[in-house]
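Summary of the model geometry
Listed below are the residues making up each chain.
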Amino acid sequence: MVMTLTENAKTINATSHRIEVAVQKNQGDPKAKSLLRAIQEFYQLHVDDLQIVRIYNVHKNLPREQLEHAAEKLLYDPIVEELYYGSRPKEGNWIVEVSLKPGVTDNTGKIAQLTFEDFLNETFAPHECISSSAAYIFTGALAKADVEKIAIGLLANSLIEDI
């Protein structure tokens, strides 16, 4: 398994349009709260904050205005979520990004692609696609070994996902 943890850094994929979606901090994220409880219960580790970010990489040459319009209409709920183009500033101490291994069907990415195709009234070429991943941004005094333990034990299935 290849594991790359990023401490206080930005990840930028220059070959695609990266779109990030996260629950607004003042809204509270039930999935993050549940994961924080599991970390405390299984590993007896305290994490000050956890933010989960959905990531969509649009591998298609689209004008920025068209990409933004589609993303704003299709990928997020403006009432409770924030939308970023490219990588947004990361505020945590550790970032773990989980994505599917090559060859594993990315249902989230496929649904996003089909939705974009319908919205844009344009079919993606065979070499074009939308892929998805998730980033987990941890804030707190965690050691690298603790973050690795959480990533392997709770965030990813090593048979089908890369960290």
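Everything here concerns the structure above.
Residues numbered from 1 in each chain as written. Predicted model: local features only at pLDDT ≥ 70, side-chain atom pairs only at ≥ 80, totals over all residues. Heavy atoms only, no water.

**Quick look at the nonpolar core**
- If you look at the biggest cluster of nonpolar residues, it comprises 20 residues, and the most contacted ones within it are Ile39, Leu50, Val96, Tyr136, Phe138, Leu142 and Leu155.
- At the level of elements, α1 (30-43), β2 (49-59), β4 (94-100), β5 (129-139) and α4 (144-155) are the ones that each hand at least two residues to this core.
- With 4 residues, the top contributor of residues to this core is α4.
- In terms of nonpolar packing, the next biggest core, distinct from the first, is built from 15 residues, Ile19, Leu62, Leu67 and Phe124 among them. (Core = buried A, V, L, I, M, F, W, Y, C linked by side-chain atoms within 4.5 Å. Buried < 20%, exposed > 50% of the residue type's maximum accessible area, 1.4 Å probe, protein only. Helix = DSSP H or I, 4+ residues; strand = E, 2+ residues; numbered from the N terminus.)

**Description of unusual backbone geometry**
- A positive phi angle is found at glutamine 44, which is not glycine, with a value near 50°.
- With respect to the helices, strands and loops of the structure, glutamine 44 is situated in the loop between α1 and β2.

**Looking at the side chain of serine 132**
- Within the element layout of this structure, serine 132 appears in strand β5.
- For serine 132, a relative accessible area of 16% corresponds to the buried category.
- Apart from residues lying up to four places away in sequence, serine 132 is in contact with Ile55, Ser99, Asp106, Thr108 and Gly109. (Contact = heavy atoms within 4.5 Å.)

**Some thoughts on the environment of glutamate 65**
- Structurally, the position occupied by glutamate 65 is in helix α2 (residues 64-74).
- A residue is classified by how much of its surface remains accessible, and glutamate 65, at 60% relative accessible area, is exposed.
- Along the sequence, glutamate 65 and glutamate 117 sit 52 residues apart, while their C-alpha atoms lie 16 Å from each other.

**Structural notes on the side chain of glutamate 161**
- Structurally, the position occupied by glutamate 161 is in strand β6 (residues 161-162).
- Within the buried core, glutamate 161 has no salt-bridge partner, and the shortest N-O distance to an opposite charge, that of lysine 31, equals 8.9 Å.
- At 2.7 Å, the side chain of glutamate 161 forms a polar contact with the backbone nitrogen of asparagine 157.
- Excluding anything up to four places from it in sequence, glutamate 161 contacts Val98, Ser99, Leu100, Lys101, Leu155 and Ala156. (Lys, Arg positive; Asp, Glu negative; His and termini not counted. Salt bridge = Lys/Arg side-chain N within 4 Å of Asp/Glu carboxyl O. Polar contact = N/O pair within 3.5 Å; in protein donor to acceptor, adjacent residues only side chain to side chain.)

**So, the pairing of β5**
- Burial runs high along β5: 8 of the 11 residues are buried.
- In this sheet, β5 lies alongside β2 in antiparallel orientation, the contact comprising 11 bridges. Its bridge partner being in β5, aspartate 49 is matched across the sheet by threonine 139.
- Alignment of β4 against β5, held across 6 bridges, turns out to be antiparallel. Directly across from glutamate 97, in β5, lies its bridge partner alanine 135. (Pairing = 2+ DSSP bridges.)

**What about the packing of α1 against α4?**
- One can describe the packing of α1 onto α4 by two numbers: an axis separation of 11 Å at closest approach and a directional angle of 110°. With respect to α4, the axis of α1 lies roughly perpendicular. In this structure, α1 meets α4 at a crossing whose hand is right-handed. Listed contacts from α4 to Leu35, Ala38, Ile39, Phe42 and Tyr43 of α1 are Lys149, Ile150, Gly153, Leu154 and Leu155.
- Here the contact of α1 with α4 is composed, by residue class, of 8 nonpolar, 1 polar and 1 charged. (Axes fitted to C-alpha atoms, helices over the stretch in contact; angles between N-to-C directions. Parallel < 35°, antiparallel > 145°, perpendicular 65-115°, else oblique. Left-handed = near helix turned anticlockwise from the far one by under 90°. Nonpolar A, V, L, I, M, F, W, Y, C, P; charged D, E, K, R; others polar.)

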